[in-house]
Amino acid sequence: KGSVEHVQKVSAITDSDLVTADSNAADWLSYGRTYSEDRYSPLKQITRESLDSLGLAWSLELGTKRGIQSTPVVVDGIMYFTGPWSVVWAVDARNGAVLWKYDPEVPTAMASKLCCGVINRGVAIYQGAVFFGTLDGRLISLEASSGRINWSVQTVPEDGFYSITGAPRIVNGRVLIGNGGAEFKARGFVTAYAADTGEQVWRFYTVPGNPADGFEQPELALAAKTWNGEWWKQGGGGTVWDAINYDPELNLVYIGVGNGSHWNREIRSPGGGDNLYLSSIVALDADTGEYRWHFQTTPGDSWDYTATQPIILADLEIDGEPRKVLMQAPKNGFFYVIDRVTGEFISGDNYVYQNWTTGLDANGRPIEAEGARYLSGKAHWLTPGPLGGHNWFPMAFNRDTGLVYIPTGHQSMAYSYRADVGYASHEVPFGPLGGNMSLDGKLYNEPVFDPKAPPPGQRSGRLIAYDPIKHEEVWGIDQPFFYNGGVLTTAAGLVMQGDAEGIFSIRDASTGEAVWQYDVRSGVLAPPITYAVDGEQYISLLVGWGGSQGLLAKAVDKLYPGTLYTWKLGGSAVAPAKQASDMAALTELTTDADLIAVGRGFNHFINVCSGCHELGAGGGAVPDIARSSDAVFSIYEDIVLKGALASQGMPNLGAVLNQQELADIKAYVLYHAARLRAGV
Ligand code: PQQ
C-alpha cells in the first residue's frame, strides 16, 4: 500500500466516521476508540483458545528513554502516536516501518515546568490531518500523509505555567484541547479550534478569574460565590489535562476538571467554599461551549483530587430502567455513575480504601472525616494520596461482562499545612516550594497515622474488575508497584494491561486469570490497543517508563529505550534483547558535614529536587543522585548552578540555590548514600 491510498482513506475520516466508529472494528480512530471511550474492541480473532499462537509481529525502538503514555490511533493500516517531548510518529501498522516523524522542538527548559515529565497521551485524526498538543502549549495540525505542518496555534498564555500532555478530541469539525499546570499557577480552560484553519471557536474557563475584570461566562459569577479571598492571584487551578468526552446524540461535551491551585483550600480560598468547578465533571454545549450542568466530586478540594480521570459513556440498566450514564473513578477513591443527560448523581461508592470521608451522602457529596483538611499543625496520613486511587491510566468497560476494569493504586500521603508557602514563579522549579502545593516537608516524619492506610514505602497497585451497578469488586489482581498501565478489553472476553514490572498480561475478563504474558523489559504506562489490517488482528503497546512516579522510581532493574511492541497470531519476530542490570553503585564519596547541615540539605532536597529525583532505589526516567558517578559529582556545581545538563531538562538552579544550599544538598545526598550502603 502506498501513501496515496493512505491519504485518501485518512481524508475520508468525517464526523460520521467518528460517530459510527464502533461498527468499524478494524480501525482505532480516536483516543478511547469511540466517543464512548470504553476501550472495548469488537475484534475477536485473538481469543483464549487462539492465544497459544500469539507472537511478536514486529517491534520498533524509538530511541528515547522518557515516559510514553500515548494511545496510538490506527486508520487503514497506518498508526499515529506521540512519544516523549511531544514528538509524533506515523508508522505502517503491519510492519512498524516509519513513514514520518515530526518533532515540534519543545524547549528543554519546559522539563522543570511540568509536574510529571515530558509525556504526551496521543493524537487525534480527522479530515486528512493529525492533531496533537505540545508541552509548551501549542496545538498543531499535520498533514497525515506527509507529517508536514498545516497550522499551529499557541493555546495557552506563554508564562511558562501551562503545558499540554493530553490528547485532543474531535467534535463536529473542531479540535478540543485542554492543558495542565495546576501544580503551578494555572487557571484551567478548554478551547475548541476549527479543525481546518486553527481558528478559535469557543473557550470555557473552569474557575472564575478576578471579579473586577468581569466574568467570561455567566456561570462563573455563580461559581465565584463559592470562592473566598484573592484566589485568582495564583490561578485557582482546575486544569482539564485529560478527559474530554463527547456524546453526539446529546451534543454535549464532558470535561474532567482538576485540582485547586494552591492545593490547600485554606490558602487558596481562606474561609472555605466549594470552589466551583474544581474537581468536577462539567457538561458543555458542543457547538458553543456553554455550560449545561456540573457534578462536583470533591467540593473544596485540598488533596489534589482531580476529576480529570478518564470518563466512559455507557447505557446501563439501573433499577429496571435504561439510563444514559457516564462513569468515572477520579483520584478521590470513589467510583461515580452519573446521568449524562442531566448530571444527576445515580450512585457512587469507594473503589479503593479511603479515609478522607465517612462515605457519600444521598447526593453523592463526600462526608469529610475529622482531620481530613489537615489544619491541625500536624501531618495527616490520608488515603488516597495525591496520585489518587486511580490516575490518568485509562480504564475499560466490557459490555458483555458489564464490568469496568480499573488500574488502581493504593497509596497515602502525609498532608500538612504550610502557611508560609512559596508561590510559583519562573525562578523556582517544581517541588513543594516551587509549585503551588503548600505542603510542609518538615512534617513528613511525624504524621498522624491511620493503621489501615498503606504506610510510607508500602504503595501498591491493583487491577480491579468493578461492577458499576452493584459497586462491587468482582476480582482484583495485586501488583507490587502502584503505577501500572492503562487497560483494553475485547469482545473475546479478554482484558489486557502492561505493568510496572514490564510484563504485558492478557487476562480472562470474567476471572482475572492471566492467560498470556510477555516480557516487554521496561515498566508500562500506556494502554494497549487492537486493530486489524488485511483480515489479521494486531495488539500494540507502547512501552516507555516515566510519568509522575516513573521519574523517581522504577520496578525493573534497567530502563530500555521506548519501544512499540505489536503482536499477532503466528507472529514470530525476535523479541528485543534484554541486558543485565545497569544499576550504578551507590556513591562511595563521603561527607564530614554536621547533622544540622545535612538536615538543611534534606529540606532543600525535598523542596527543590524531589519533584524529579529520588535517592537510593535506582531512579526512574531521571537519575538517582545517590548513584551518580564521581565524574558527575566533580561537575556537580556546573550541573546544578550553571545549567550544564539543561539540554536534557535539568534546570539551571543558579537563581534558586546559593553555594551554601548546594553544599547542604550534597551533604544530605552523601550522608544518605552512606546510610544506604550501611543498610541503615
Ligand atoms: N500527570 C501524571 C502522569 O503523567 O503520570 C500524573 C498526574 C499528571 C497527576 O497526578 C496530576 O495531578 C496532574 N496534574 C496536572 C495539572 O494539575 O494540571 C497535570 C498532569 C499532566 O499534565 O500530566 C498531571
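Residues numbered from 1 in each chain as written. Predicted model: local features only at pLDDT ≥ 70, side-chain atom pairs only at ≥ 80, totals over all residues. Heavy atoms only, no water.

S.K.: Give a detailed account of the state of the cysteines, specifying residues and quantitative values.
M.R.: Under the definition given, this model contains one disulfide. Put simply, Cys-115 and Cys-116 are joined by a disulfide, and their sulfur atoms are 2.3 Å apart. On the sign convention where negative means left-handed, the S-S torsion of about -100° between Cys-115 and Cys-116 marks this disulfide as left-handed. Residue Cys-115 is classed as partly exposed on the basis of its relative accessible area of 26%. For Cys-116, a relative accessible area of 19% translates into the label buried. With no disulfide of its own, Cys-609 has Cys-612 as its nearest cysteine by sulfur position, at a separation of 9.2 Å. (Disulfide = S-S within 2.5 Å. Buried < 20%, exposed > 50% of the residue type's maximum accessible area, 1.4 Å probe, protein only.)

S.K.: Break down the sheet that holds strand 1 (residues 40-41) for me, citing the residues and quoting the values.
M.R.: Taking strand neighbours across the sheet as the criterion, the five strands line up as 1-34-35-36-37 in an open arrangement whose pairing is mixed. Since the sheet does not close on itself, it has two edges, and those belong to strand 1 and strand 37 (514-519), each with one partner. As judged from the five bridges shared by strand 36 (residues 503-508) and strand 37, these two strands associate in the antiparallel manner. From the neighbouring strand, Ser-505 faces strand 37, where its bridge partner is Gln-517. (Pairing = 2+ DSSP bridges. Helix = DSSP H or I, 4+ residues; strand = E, 2+ residues; numbered from the N terminus.)

S.K.: I'd like to hear about the packing of helix 6 (residues 595-609) against helix 9 (residues 659-677), residue by residue, with values.
M.R.: As a packed pair, helix 6 and helix 9 sit with axes 7 Å apart at the nearest point and diverge in direction by 100°. As the angle between them shows, helix 6 and helix 9 are arranged roughly perpendicular. Contacts between helix 6 and helix 9 involve Leu-595, Ala-597, Val-598, Arg-600, Gly-601, Phe-602, His-604, Phe-605 and Cys-609 from the first element and Gln-660, Glu-661, Asp-664, Ile-665, Ala-667, Tyr-668, Val-669 and Tyr-671 from the second. In the contact of helix 6 with helix 9, the residues fall into eleven nonpolar, three polar and three charged. (Axes fitted to C-alpha atoms, helices over the stretch in contact; angles between N-to-C directions. Parallel < 35°, antiparallel > 145°, perpendicular 65-115°, else oblique. Contact = heavy atoms within 4.5 Å. Nonpolar A, V, L, I, M, F, W, Y, C, P; charged D, E, K, R; others polar.)

S.K.: Quick rundown of the site of the ligand? Include the residues and the values.
M.R.: Close to the ligand lie 21 residues, the nearest being Thr-165, Gly-181, Thr-239, Lys-331 and Tyr-483. One nitrogen or oxygen atom from the side chain of Lys-331 is found 2.7 Å from an oxygen atom belonging to the ligand. Within the contact set of the ligand, an oxygen atom lies 2.7 Å away from a side-chain nitrogen or oxygen of Tyr-483. Protein contacts shield 97% of the accessible area of the ligand, which totals 470 Å² for the unbound molecule. (Near = heavy atom within 4 Å. Polar contact = N/O pair within 3.5 Å; in protein donor to acceptor, adjacent residues only side chain to side chain. Areas by Shrake-Rupley, 256 points an atom, 1.4 Å probe, with all protein chains shown as cover.)

S.K.: Lay out unusual backbone geometry with the relevant residues and their values.
M.R.: The peptide bond linking Ser-261 to His-262 adopts the cis configuration, its omega dihedral lying at -5°. Mapped onto the secondary structure, His-262 falls in the loop between strand 18 (260-261) and helix 4 (265-268). A cis amide bond links Leu-276 with the next residue in sequence, Tyr-277, at an omega value of 0°. Positionally, Tyr-277 belongs in the loop between helix 4 and strand 19 (280-285). Located in the positive-phi region is Glu-105, a residue other than glycine, with phi close to 55°. In this fold, Glu-105 is placed in the loop between strand 6 (98-102) and strand 7 (124-126). In this model, Tyr-374 sits at a positive phi of 40°, which is unusual for a non-glycine residue.

S.K.: Pulling in residues and values, what's your account of the environment of Val-91?
M.R.: By the secondary structure assignment, Val-91 is in strand 5 (residues 88-92). Once you skip the residues sitting within four places of it in the chain, Val-91 turns out to touch Trp-58, Leu-60, Gly-77, Ile-78, Met-79, Phe-81, Gly-96, Ala-97, Val-98, Leu-99 and Leu-564.

S.K.: Residue-level account of the pairing of strand 27 (residues 379-382), with values.
M.R.: Residues Ala-379 and Trp-381 of strand 27 are buried on one face, and the alternating residues His-380 and Leu-382, pointing to the opposite face, are buried as well. With three bridges joining them, strand 27 and strand 30 (residues 413-415) adopt antiparallel strand pairing. Its bridge partner being in strand 30, Leu-382 is matched across the sheet by Met-413.

S.K.: Can you break down the pairing of strand 33 (residues 472-479) residue by residue, with the values?
M.R.: The two faces of a sheet get side chains in turn, since along a regular strand they alternate between them. Relative to strand 33, strand 32 (residues 460-467) is paired through seven bridges, and the arrangement is antiparallel. Across the sheet, residue Tyr-466 finds its bridge partner in strand 33, namely Glu-473. In this antiparallel pair of consecutive strands, strand 32 and strand 33, the connection spans four residues, and His-471 shows a positive phi of 55°.

S.K.: Tell me about the nonpolar core, residues and numbers included.
M.R.: Core analysis: the largest hydrophobic core is formed by 103 residues, its most contacted members being Tyr-80, Ile-255, Phe-504 and Trp-567. Ranked by the residues each element gives to this core, the list is headed by strand 39 (residues 536-543), at five residues. Those residues in contact with Trp-567 that lie beyond four places of it in its chain are Leu-54, Gly-55, Leu-56, Ala-57, Phe-504, Trp-516, Tyr-518, Val-520, Gln-537, Tyr-538, Ile-539 and Leu-541. Within the second largest apolar cluster, 24 residues are counted, among which are Trp-303, Tyr-305, Ile-311 and Leu-313. (Core = buried A, V, L, I, M, F, W, Y, C linked by side-chain atoms within 4.5 Å.)

S.K.: For the pattern of salt bridges, give the residues involved together with the corresponding values.
M.R.: A complete count under the given rule lists 31 salt bridges for this structure. Arg-187 serves as the salt-bridge partner of Glu-216, at 3.0 Å between the closest nitrogen and oxygen. Of this pair, Glu-216 sits in the loop between strand 14 (200-205) and helix 3 (218-224) while Arg-187 is found in the loop between strand 12 (174-177) and strand 13 (189-194), placing the two residues 29 residues apart along the sequence. Given the relative accessible area of 43%, Glu-216 is considered partly exposed. The buried category is assigned to Arg-187, whose relative accessible area is 13%. (Salt bridge = Lys/Arg side-chain N within 4 Å of Asp/Glu carboxyl O.)

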